[in-house]
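What follows is each chain in one-letter form.
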Amino acid sequence: MRKLPLVFALSMFVLISCMKVEEVEGPVLSHGVLEEVEIASSDPMIGVKNAMVYLPPGYDSLDTTTTYPLVFLLHGYGWDYSFFQDIEDIADIADYMISAGEMRKCILVMPDGKNSLGGSFYTDSPFGNYDTYITEEVLSFMEENYPVDTTKIGVLGISMGGYGALKLTVSHPDIFRVGASHSGPIAFQVFLESDPITGINMMGAMLLENPIYDSTGNVVGYRIPYPPLLDQDHPLTTMMFAMAGAFSPVVKPLEEFDTLNYEFPMAQLPDGQWLGVILPIDTTAVPGDTVGLRQDVWEQWLANDVFTLIGQNYTVLDSLNTGLYIDCGGEDELFLQYHAMAVHDLLSSLGIDHYYEVFNQGPLYPPDRFPARHGTHLYLRLRESLRYISEHL
C-alpha cells in the first residue's frame, strides 16, 4: 500500500511527459532604427541640442508616399534626450508593440529639455524658450527630414516631461491630438496641501531640506540659503528652483535681488543684467504652513498650471476630442498621485473622456517588493500610454 503513491506519481510523470506541450511564443519581432540628430534653436540659451529619433520597422527613406504619425517623448528633470533609450529601451518597447499589433507604426522623437537649472519644464522663459523649441523648431525639423503626418501628433512624458506633455497638449490642441502624463506635477494647488501621512506640504518639505543650526548643532529654523544648495541631497529644492526658472524667472540688476525674500540671481547676462528666479514663498514660510505664500509669484505659477489651463481650455479640448492620459504610482514619493487624482476629478466633472490610473503594482512587480513610486514602473506604463496614443492618432 505504501508503494501506491510512488507508482501513481511515476505514472503521472510518464503521462505528462508524453503529452504535447504547447509552446508559448511571442510575435516575430521586426526592428526599427534609432538615429541621433542635432536640432538647432534660434534661442541662444538653447543653441544646438541632440535628439533621438526612432524609425519604425519597414521605414524606407526612399519611400515618398508613406507618412507616419509622430510622437514626442519628453524626459524628466535632470535627464536629457537619451533617457528613454538608455534607461527604458524605448526601441525594444516600440519594436515589440508594433510587431504584436499593439501600436501603429509611428516615428518617435526624443528632444532635449534640459537647461542650466536641470530642466526647462518645456516652458518659454529667459532660461530658454522650450515650448517654442518643441512646438516650432523640433516639429519643423521633423517635418523637413522625415515623412511625418502633421495631423497625427501625440506627446508623452515622465515627471517634468509628464507635466510638459499635458501642458503642451492643453496649450496647443491644434498641434497635439493626444497627450500622456506619467507621474507629472499637473495640479500645482496640491503643492500647498498637506500630505495625509506626513502632514507636510511640498513647499514645507522643500524647507525641511534646508535647516538652520545653532552653535550646538540644534535646528533653530529653516531657510534656503544664498547661494542655494542645489544637489542630490536637496532634491526638492533643486526641482523647485527649476520650476521657478520656468514659471517665475526674473531679469534685473544684481543689487535689486532680495535674497532674504527668496529672490536668487543665477547667472549674469552679456548686457550686465542678472538672470534669476523667485520662489513662491516669503520669509514667514515654515514647514507645513501655506501662510508664507508669495501670492504675486504664485499667480505666475498658476498661469502655467495644467489643472488651471484645462479649466480655461476645456471647451476646445472637448470639441477637438483631444485624448488625455494620466497615471501615477500610488506611493509616489513626490506625492504626485494627488495631482493625478485632482486632474482626473476635474476632467470627470467637465465630462471630458480620458484615461486615468493610480496604480500599485504591475506584472512581475509585487507591491511588497516593488512599491509603485516615482517612475519605478515606467517600462510597463509606456506600453499603456503608447497604446492609448496610437488609438487616438
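This is a predicted model, so every value here is computed, not measured. Per chain, the residues get numbers from 1 upward, laid out in the order the sequence is written. Whole-chain, interface and lining totals are the exception, using all residues; otherwise, since this is a predicted model, local features are given only for residues with pLDDT of at least 70 and side-chain atom pairs are given and counted only at 80 or more. Side-chain figures throughout are based on the complete set of non-hydrogen atoms in the structure, without hydrogens or water.

On to the overall build of the protein, then. Strands are runs of DSSP state E lasting at least two residues, helices are runs of H or I lasting at least four, and both sets are numbered from the N terminus onward. A tally of regular secondary structure across the protein gives eleven helices and 15 strands. Counting only C-alpha atoms, the protein reaches 90 × 70 × 40 Å along its principal axes. Each of the 393 residues in the protein was classed as buried or not, and the buried ones make up 50%. Pairs at least 24 residues apart make up 68% of the contacts formed inside the protein by residues separated by at least 6 positions. Note that accessible areas follow from Shrake-Rupley with a 1.4 Å probe, and for residues the cover is restricted to the protein chains shown. Accessible surface for the protein amounts to roughly 18,200 Å². Of this, 54% is attributable to carbon and sulfur atoms. Think of it in three bands: with a 1.4 Å probe and only protein chains considered, a residue is buried below 20% of the maximum accessible area for its type, exposed above 50%, and partly exposed in between. The contact criterion used throughout is that any non-hydrogen atoms of two residues lie within 4.5 Å.

On to the packing of helix α3 (residues 90-99) against helix α11 (residues 378-391). Where α3 meets α11, the closest approach of the two axes is 11 Å, and the angle between their N-to-C directions is 50°. Taken together, the axis directions place α3 and α11 in an arrangement best described as oblique. The handedness of the crossing between α3 and α11 comes out as right-handed. Contacts between α3 and α11 involve Ile-90, Asp-92, Ile-93, Tyr-96 and Met-97 from the first element and Tyr-379, Leu-382, Arg-383, Leu-386 and Arg-387 from the second. Each axis is a line fitted through C-alpha atoms, taken for helices only over the stretch in contact, and angles between the N-to-C directions span 0 to 180 degrees. Just so you know how the angles are binned, under 35 degrees is roughly parallel, over 145 roughly antiparallel, 65 to 115 roughly perpendicular, and the rest oblique. Here a crossing is taken to be left-handed if its near helix is turned anticlockwise relative to the far helix by less than a right angle, and right-handed if that turn runs clockwise.

Before going further, it helps to examine the pairing of strand β7 (residues 148-158). Of all the eleven residues making up β7, eight are buried; the element is thus mostly covered by neighbouring parts of the structure. In terms of strand pairing, strand β3 (residues 68-74) meets β7 through six bridges, oriented parallel. Bridge pairing links Phe-72 to Val-155 in β7. Strands pair, by our definition, only if DSSP identifies at least two bridges between them. For β7 and strand β8 (residues 178-182), the ladder comprises five bridges, and the chain directions are parallel. Of the residues in β8, the one forming a bridge with Leu-156 is Ala-180. Here the term right-handed applies to a crossover when the path leading from its first strand over the helix to its second strand runs clockwise, the strands being oriented away from the viewer. For the segment spanning β7, helix α5 (residues 160-171) and β8, crossover handedness is right-handed.

A word on the sheet that holds β7. Strand order in the open sheet formed by eight strands is β1-β2-β4-β3-β7-β8-β14-β15, with mixed pairing between adjacent strands. In this open sheet, the two strands that pair with only one neighbour each are β1 (33-40) and β15 (355-359). Across the sheet, the mean angle separating the axes of adjacent strands is 20° when strand polarity is ignored. Pairing analysis gives three bridges linking β3 to strand β4 (residues 107-110), with the strands arranged parallel. Within β4, the residue paired with Phe-72 across the bridge is Val-109.

Fitting one axis to the seven residues ending at a residue and another to the seven starting there, the bend at that residue is the angle between the two axes. Of all bends in helix α4 (residues 130-145), the biggest is about 25°, found at Leu-139. All buried positions along α4 are accounted for by Tyr-130, Asp-131, Tyr-133, Ile-134, Thr-135, Glu-137, Val-138, Leu-139, Phe-141 and Met-142.

The score called pLDDT rates the predictor's confidence residue by residue, from a low of 0 to a high of 100. When the pLDDT values of the protein are averaged, the result is 91; 93% of them are 70 or greater. Per-residue pLDDT stays below 50 along residues 1-24; that stretch engages in zero contacts with residues further than four places along the chain or on separate chains.

Two distance rules govern patches: like charges are joined within 9 Å, and nonpolar side chains (Val, Leu, Ile, Met, Phe, Trp, Tyr) within 5 Å, applied only to residues with over 30% relative accessible area and no salt bridge. Throughout this description, the term salt bridge denotes a Lys or Arg side-chain nitrogen within 4 Å of a carboxyl oxygen of Asp or Glu. Together, Leu-208, Tyr-213, Val-219 and Tyr-222 make up a nonpolar patch on the protein surface, roughly 360 Å² of accessible area in all. Its relative accessible area of 34% is what places Leu-208 among the partly exposed residues.

Note that the residue after Tyr-226, namely Pro-227, is joined by a cis bond; omega there is 0°. At Phe-121, a position not held by glycine, the phi torsion is positive, near 55°. Turning to its location among the elements, Phe-121 is positioned in the loop between β4 and β5 (124-125). What makes Phe-121 buried here is its relative accessible area of 1%.

To continue, consider the sheet that holds strand β12 (residues 263-268). Strand pairing within a sheet occurs via backbone hydrogen bonds; the two strands may be parallel or antiparallel. One open sheet holds the three strands; their spatial order is β11-β13-β12, and the pairing between them is antiparallel. Only two strands of the sheet have a single neighbouring strand rather than two, namely β11 (249-252) and β12. Averaged over all neighbouring strand pairs, the angle between strand axes comes to 35°, with direction disregarded. Where β11 meets strand β13 (residues 274-278), four bridges bridge the pair, whose relative direction is antiparallel. Paired with Val-251 across the bridge in β13 is Leu-275.

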